[in-house]
Amino acid sequence: MLAILRLGHRIGRDKRVTTHVALTARAFGADKIFLSSKDAGLVRSVRSVVARFGGDFEIEDGVDWKKLVRAWQGTVVHLTMYGLPIGEAVPNIPKGGVLVVVGAEKVPPEIYEMADFNVAVGNQPHSEVAAVAVFLDRLLGGEGVRRVVKGRLTIIPSERGKTVVDSGEYASSRR
Ligand code: SAM
């Protein structure tokens, strides 16, 4: 299991960014995202993408994050600009059983001690979406985005325009 834990999601305010963290996690090869807050609307919109584009990515909200981190059977990686450089850390991180923790605003200070690795994607402040994308891509050596996910909607890569196959009926749209 390769999962993301999103800490400190504020309902309403962080909806767009947390949705992007979830979709990025899915697209870059994670199996699941846990949210430390409850947000039924966000859960619905992520599940609707999974229903249309396929795969078995899961989302669970309202998670007791300390309990999850303590009980995690594997490696806990906290992404933070204060951590060790990603290039040094990744070779020491096993690929299976990884829980990747990202914050919204300031993260609870305990996470720095609870994590097995505090990893920086560069030591400059940027975004949890970028941090998740780069970390997963480095951890999986690009396999997350290379893999083919089977779903009702399949995008056929095109040099120009958009080609989408809707299984059952062929719905191709070109521009
Ligand atoms: N001001 C916050 C702090 O001091 O923790 C940073 C908030 S940042 C917008 C949200 C999350 O993005 C952070 O909790 C961290 O997980 C991730 N992040 C931002 N920059 C990062 C970096 N350079 N390396 C790794 N993760 C980063």
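Quick caveat: nothing in here was measured; it's all calculated off a predicted structure.

1. Notes on the nonpolar core
Membership of the largest hydrophobic core comes to 31 residues, with the highest contact counts inside it found for Ile4, Leu79 and Phe135. Secondary structure elements with two or more residues in this core: β1 (2-6), α1 (15-27), β2 (32-35), α2 (40-53), β4 (75-85), α4 (86-89), β5 (98-102) and α6 (128-139). Per element, the largest residue contribution to this core is five residues, and it comes from α6. Each residue touching Ile4, except ones within four places of it in the same chain, is listed here: Val21, Ala25, Ala30, Lys32, Ile33, Phe34, Leu99, Val100, Val102, Val132 and Leu136. Among the nonpolar cores identified, the runner-up in size contains 15 residues, and Val63, Val69, Val107 and Ala115 belong to it.

2. Quick look at the pattern of salt bridges
Enumeration according to the criterion identifies nine salt bridges in this entry. With a closest N to O distance of 3.5 Å, Glu58 and Lys32 form a salt bridge. Pair noted here: Glu58 is in strand β3 (residues 58-60) and Lys32 is in strand β2, with a separation of 26 residues, a long-range link. Given a relative accessible area of 41%, Glu58 falls into the partly exposed group. Where Asp61 meets Lys38, a salt bridge forms, and the shortest distance between an N and an O atom there is 3.5 Å. Of this pair, Asp61 sits in the loop between β3 and α3 (65-71) while Lys38 sits in the loop between β2 and α2; the two residues are 23 residues apart in sequence, bridging distant segments of the chain. Its relative accessible area of 60% is what places Lys38 among the exposed residues. Sharing partners across several salt bridges, the network here consists of Arg10, Asp14 and Glu105.

Parameters and conventions
Residues numbered from 1 in each chain as written. Predicted model: local features only at pLDDT ≥ 70, side-chain atom pairs only at ≥ 80, totals over all residues. Heavy atoms only, no water. Core = buried A, V, L, I, M, F, W, Y, C linked by side-chain atoms within 4.5 Å. Buried < 20%, exposed > 50% of the residue type's maximum accessible area, 1.4 Å probe, protein only. Helix = DSSP H or I, 4+ residues; strand = E, 2+ residues; numbered from the N terminus. Contact = heavy atoms within 4.5 Å. Salt bridge = Lys/Arg side-chain N within 4 Å of Asp/Glu carboxyl O.

Don't take any of this as a statement about function, it's just geometry.
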